[in-house]
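Architecture at a glance
Each chain is listed here by its residues.
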Amino acid sequence: MTQPVTLTLNAGSSSLKFSLYDITGAPVQLAIGNVENIGRQPRLKASLGDGMPRVERELSPSEASDHPSTLKTVLTLLREHFPKAHAAVVGHRVVHGGPRFSEPMAVTDEVMAELRTLSPFAPIHQPHNLAGIEAARAAFPDALQVACFDTAFHRHHPKANDVFALPREYYDKGIRRYGFHGLSYEYVSGELKRIAPLLHAGRVVVAHLGNGASMCGILDGRSVASTMGFTALDGLPMGTRCGQVDPGVIFYMVQQEGRTIDEVRDIFYNKSGLLGLSGISNDMRVLESAGVPEANEAVDYFVFRIRRELGGLAAALGGLDALVFCGGIGENSRKIRRRICDGMDWIGIELDHDRNDSGAQVISTDFSRARIMVIATNEEIVIARAAKRLLSEQAGAGA
């Protein structure tokens, strides 16, 4: 007897994250893993469930030369360990859903065509997300393919938080503030509703801090403001992305330095952020331990921008009831959390240093007006739940 499962895929420019869920009931994770450095020096890491071995090995170039070959390698591994698994539905993270897609969608040729038109909005993400979908459609021609959008969580922003001060026709052309990391925010908001429903109903800022970084103001479970805008460049500095920058810098680079638009885009997306400021690394762990002025300055700017955006989001919310950290840096760097929170008592934040250092979920003092929490995000389960829901709806419609 076969076991119906959901496979989730998150295809990056040189990576493929994957997970496998049993969907006979509520989704239960069976496996999770990642292939990094596709096309260069690929490496596979995977956890294959309780009592099963953790796999970590280098891959040959032929095993991961591109996304289709990488997916084939991943599927070989999963079939070896889960021979009875049958992929009834494949869920995909898609960074940009544009103005139309505000809910997970079954992938059709029409949907794919529209998603391709959004590639200029997310040039370092969207083409690779779509390559992952194409590879999965070829590997599982009978499975339902479901796209889950990072922008969807933010599609109900008030108009003032959705527009740029450009001629009105540009809004109608799709030039607006979309916000990203929506799958992460959806998960954290759902966890708050489960463990702290009164906080969930209040004014919450979630800081998703990692190689990609953003913050979101959430009121009664709905996004009302985000630090990211039209693309995944805006707002906070990131590992290699610049964050907020005066658009005049682009004019200067093009007109005075003679750079092409492609060169400017490469600088903004791949050579800026923590890497550009430090000249050392895009990895916060490396910068925290480097002990040199350039690394310290990069970390200082990262913290400064977060504190500045925290104040702005609290203003947009009309106050602050909770601050939640998630993402690789937010979940793991007690030093960064401390630097963000210390001195923010004016906004109701009071950090308990012992709780913060011990890795507690609640790291605020008992007297802090705003609760400070750390919640490990889980985008994969959000995708798996959405994929199963659409599969059930499709089965119901066909009954």
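Scroll up a little and you will see the structure.
Read on for an overview of the structure. (Residues numbered from 1 in each chain as written. Predicted model: local features only at pLDDT ≥ 70, side-chain atom pairs only at ≥ 80, totals over all residues. Heavy atoms only, no water.)

What to know about the overall build of the protein chain
When you go through the protein chain residue by residue, the secondary structure sums to 15 helices and 13 strands. Over its C-alpha trace the protein chain gives a radius of gyration of 21 Å, about what one expects of a compact globule, namely 21 Å for 399 residues. Considered along the principal axes of its C-alpha atoms, the protein chain spans approximately 60 × 55 × 45 Å. Going through the 399 residues of the protein chain one by one, you find that 52% of them count as buried. The long-range fraction of contacts in the protein chain, counting pairs at least 24 apart against all pairs at least 6 apart in sequence, stands at 62%. Accessible area of the protein chain: about 18300 Å², with a carbon and sulfur share of 51%. On the protein chain, the mean spot of the 42 positive side-chain charges and the mean spot of the 45 negative ones are 2 Å from each other. (Helix = DSSP H or I, 4+ residues; strand = E, 2+ residues; numbered from the N terminus. Rg over C-alpha atoms; globule rule 2.2 N^0.38 Å. Buried < 20%, exposed > 50% of the residue type's maximum accessible area, 1.4 Å probe, protein only. Contact = heavy atoms within 4.5 Å. Areas by Shrake-Rupley, 256 points an atom, 1.4 Å probe, with all protein chains shown as cover. Lys, Arg positive; Asp, Glu negative; His and termini not counted. Charge placed at Lys NZ, Arg CZ, Asp CG, Glu CD.)

Some thoughts on the pairing of strand β9 (residues 203-209)
The side chains of a regular strand alternate, residue by residue, between the two faces of the sheet. Summarising burial for β9: six of the seven residues are buried, a large majority. Two strands pair when backbone bridges link them, and β9 and strand β10 (residues 213-219) are joined in this way by seven bridges, in the antiparallel orientation. The residue of β10 that forms the bridge with Val205 is Gly217. Connecting β9 to the antiparallel partner β10 that follows it, the hairpin turn spans three residues. (Pairing = 2+ DSSP bridges.)

Some points on the sheet that holds strand β11 (residues 222-226)
The strand order across the open sheet built from five strands is β11-β10-β9-β12-β13, with neighbouring strands paired in mixed fashion. Strands with a single pairing partner mark the edges of an open sheet, and in this sheet they are β11 and β13 (371-374). Averaged over all pairs of adjacent strands, the angle between strand axes in this sheet comes to 25 degrees, irrespective of strand direction. Each of β9, β10, β12 (322-326) and β13 is contacted by helix α5 (residues 182-195), which is oriented at about 135 degrees to β9, the strand it contacts most. Here helix α11 (residues 293-317) sits on the sheet and contacts β9, β10, β11 and β12; the angle it forms with β10, its principal contact strand, is near 15 degrees. (Axes fitted to C-alpha atoms, helices over the stretch in contact; angles between N-to-C directions.)

Examining the nonpolar core
One finds Leu209, Phe302, Phe325 and Ile349 to be the most contacted residues of the largest nonpolar core, which totals 57 residues. Broken down by element, the residue count for this core peaks at ten residues, all from α11. Ignoring anything within four residues of it in the chain, the contact list for Leu209 reads Ser214, Leu236, Phe302, Ile306, Phe325, Cys326, Gly327, Gly328, Ile329, Gly330 and Ile340. Listed in part, the 30 residues of the second largest apolar core include Cys148, Val204, Cys216 and Val382. (Core = buried A, V, L, I, M, F, W, Y, C linked by side-chain atoms within 4.5 Å.)

Regarding the packing of aromatic side chains
One pass over the full model with this rule turns up five aromatic pairs. Look at Phe121 and Phe230: their rings are 4.7 Å apart centre to centre, the planes differ by 55 degrees, and that puts the pair in the tilted class. With Phe121 in the loop between α2 (109-116) and α3 (126-139) and Phe230 in the loop between β11 and α7 (248-255), this residue pair connects regions lying 109 residues apart in the sequence. Summarising the aromatic geometry, the rings of Tyr178 and Phe230 are spaced 6.4 Å apart at their centres and angled 35 degrees between planes, so their arrangement reads as tilted. (Phe/Tyr/Trp six-rings, centres within 6.5 Å; stacked < 30°, edge-to-face > 60°.)

Examining the packing of α2 against α3
Direction vectors running N to C along α2 and α3 enclose 160 degrees, while the axes themselves pass 10 Å from each other. In this view, α2 runs roughly antiparallel relative to α3, as classed from their interaxial angle. By crossing handedness, the relation of α2 to α3 is classed as left-handed. Across from Asp109, Met112, Leu115 and Arg116 in α2, the residues of α3 making contact are Gln126, Leu130, Ile133, Glu134 and Arg137. Residues belonging to the contact of α2 with α3 are distributed by class as follows: four nonpolar, one polar and four charged. (Parallel < 35°, antiparallel > 145°, perpendicular 65-115°, else oblique. Left-handed = near helix turned anticlockwise from the far one by under 90°. Nonpolar A, V, L, I, M, F, W, Y, C, P; charged D, E, K, R; others polar.)

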